[in-house]
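Summary of structural features
Each chain, letter by letter, is given below.
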Amino acid sequence: MLSIKNLHAAIEGSPILNGINLEIKAGEVHAIMGPNGSGKSTLASVLAGREEYEVTEGSVTFKNKNILELSPEDRAREGIFLAFQYPVEIPGVSSTNFLRTAVNQVREYRGQSPLDAVKFLSLMKEKMKLVEIDQKLLSRALNEGFSGGEKKKNEIFQMAMLEPTLSILDETDSGLDIDALKVVANGVNQLKTKDNATIVVTHYQRLLDYIVPDFVHVLYKGKIVKSGTKDLALELEAKGYDWIKDELSGAT
Ligand code: ADP
Ligand code: MG
Ligand code: MG
């Protein structure tokens, strides 16, 4: 589904990603971990197409298309969803209107007819049940005055409605209490199918107690320096990152 080859990216002339290689197949959950500043959010942003990052080398293909040529909007319409890193406050636009527009844009791109109000409502009900969201939350303005947990719920609900092929969850390293973690994890686990894939970016192992990844990768200085199964995340929790740095510098 996603193939990243020798990806290099820079911001304002400073190189941040220094040759990322990653293959993700449908049905898989990949966790990306690594110390602060290693380039995790940069990778997520580059995949989503945020324009302040400049790709200087390498390729990214998604469903056999070169997505580096696509705008962020077209990547979203192709089925890439980036969640969480930039919580938005848009007072006055209700979640429902926002979502109906977004969902119908995606449908139009996929050659499907737009959903009328009735059909949209029934899709909402189905998805709300799936991610266990309270209907009251949706009538409030998008993210206005939401608690951390409510924001996560809303993002997971958006994800459920948009049915992305590839979801990228970039956790901010702060403010995720245990309830928010569970909301995120339940949503991801409920939405997992054999046809979609998820990249979970996290600084902490604890999210992976709830979302069990198929693969764990360690990003360090803009490169994936180690890959493994969920056991690697436990090892990192126990031992930190220093042993990986030592391995890389050839120390024993
Ligand atoms: P992580 O998510 O792993 O903590 P980031 O991708 O946020 O790492 O950052 C990687 C590096 O890129 C850091 O050294 C950071 O300071 C730098 N960086 C990220 N965003 C910017 C920016 N907008 N301007 C300048 N430097 C940036
Ligand atoms: Mg960081
Ligand atoms: Mg980050």
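Just so we're clear, the structure is a prediction, and the values are computed from it rather than from any experiment.

In this section: the site of ligand 1. For ligand 1, the full set of nearby residues is Ile11, Glu12, Ile16, Gly34, Asn36, Gly37, Ser38, Gly39, Lys40, Ser41, Thr42 and Glu52. Looking at which element gives the most residues to the shell around ligand 1, the answer is helix α1 (residues 40–48), with three residues. Class assignment for the residues of the shell around ligand 1 results in two nonpolar, seven polar and three charged.

A word on the sheet that holds strand β6 (residues 80–83). The strands making up a sheet associate through hydrogen bonds between their backbones, and the pairing can be parallel or antiparallel. Reading across the sheet, the six strands line up as β6-β7-β8-β3-β9-β10 and stay open at both edges, with mixed pairing between neighbours. The sheet is open, and its two borders are formed by β6 and β10 (223–228), each paired with just one other strand. Direction aside, neighbouring strands of the sheet carry axes that sit 20 degrees apart on average. Of the pairings in the sheet, the one linking strand β7 (residues 166–170) to strand β8 (residues 197–201) comprises five bridges and is parallel in character. Within the sheet, the bridge partner assigned to Leu169 lies in β8 and is Val200.

In this model, Lys63 sits at a positive phi of 50 degrees, which is unusual for a non-glycine residue. For Lys63, the location among the structural elements is in the loop between β4 (53–62) and β5 (65–66). Residue Lys63 is classed as partly exposed on the basis of its C-beta count, with 14 C-beta atoms lying within 10 Å. Of note, Lys221 is a non-glycine position whose phi angle comes to about 50 degrees, a positive value. Residue position: Lys221 is located in the loop between β9 (215–220) and β10. Taking the number of C-beta atoms within 10 Å as the measure of exposure, Lys221 has 16 and is therefore partly exposed.

A residue-level look at the protein finds 90% of positions with pLDDT of 70 or above and a mean pLDDT of 86. Taken element by element, the predicted model of the protein shows its lowest mean pLDDT in helix α5 (residues 135–139) (71) and its highest in strand β1 (residues 2–11) (98). For the stretch residues 85–89, pLDDT sits under 50, and the model shows nine contacts to residues farther than four places along the chain or on other chains. At the level of chain-chain contacts, confidence expressed as ipTM amounts to 0.94, with global pTM at 0.89.

What follows deals with the sheet that holds β4. Across the sheet, four strands lie side by side as β2-β1-β4-β5; this open sheet has antiparallel pairing. In this open sheet, the two edge strands, each paired with only one partner strand, are β2 (14–24) and β5. Relative to β4, β1 runs antiparallel, the two sharing eight bridges. What sits directly across from Lys5, in β4, is Ser59.

All right, on to the nonpolar core then. Membership of the largest hydrophobic core comes to 57 residues, with the highest contact counts inside it found for Leu43, Leu47, Ile80, Ile168, Val184 and Val200. Per-element accounting of this core gives the leading share, six residues, to helix α7 (residues 178–191). For Val184, the residues in contact, after removing those within four places along its chain, are Lys152, Ile156, Leu169 and Leu207.

A word on α7. Over its 14 residues, α7 extends 20 Å from the first C-alpha to the last, a length consistent with the 20 Å expected when each residue adds 1.5 Å. Restricting attention to buried positions, one finds in α7 the residues Ala180, Leu181, Val183, Val184, Ala185, Gly187 and Val188. Where α7 is buried, its residues contact α6 (148–162), β7 and β8.

Attention now goes to the pairing of β10. Pairing of β9 with β10, which is carried by five bridges, proceeds in the antiparallel orientation. For Leu219, the partnering residue across the bridge sits in β10 and is Ile224. From the end of β9 to the start of β10, which pair antiparallel, there are two residues, and Lys221 there has a positive phi angle of about 50 degrees.

This part takes up the environment of Asp179. Looking at where Asp179 falls in the secondary structure, it is placed in helix α7. You can call Asp179 partly exposed: it has 14 C-beta atoms within 10 Å.

Moving on to helix α8 (residues 230–239). Looking at α8, one finds that the buried residues are Leu232, Ala233 and Leu236. Take α8 and look down its axis: the buried residues cluster within an arc of 105 degrees, on one side only. More than 90 degrees from the buried face of α8, the exposed residues found are Asp231, Ala238 and Lys239. Buried residues in α8 make contact with β3 (29–33), β9 and β10. Where α8 ends, the next residue or the one after it, Gly240, has phi of about 75 degrees, a positive value.

Quick notes on the rules
Residues numbered from 1 in each chain as written. Chains lettered and ligands numbered in written order. Predicted model: local features only at pLDDT ≥ 70, side-chain atom pairs only at ≥ 80, totals over all residues. Near = placed C-beta within 6 Å. Helix = DSSP H or I, 4+ residues; strand = E, 2+ residues; numbered from the N terminus. Nonpolar A, V, L, I, M, F, W, Y, C, P; charged D, E, K, R; others polar. Pairing = 2+ DSSP bridges. Axes fitted to C-alpha atoms, helices over the stretch in contact; angles between N-to-C directions. Buried ≥ 20, exposed ≤ 12 C-beta atoms within 10 Å, placed from the backbone. pLDDT = per-residue confidence, 0-100. Contact = placed C-beta atoms within 7 Å. Core = buried A, V, L, I, M, F, W, Y, C linked by C-beta atoms within 7 Å. Expected span 1.5 Å × (residues − 1). Arc of directions from axis to C-beta.

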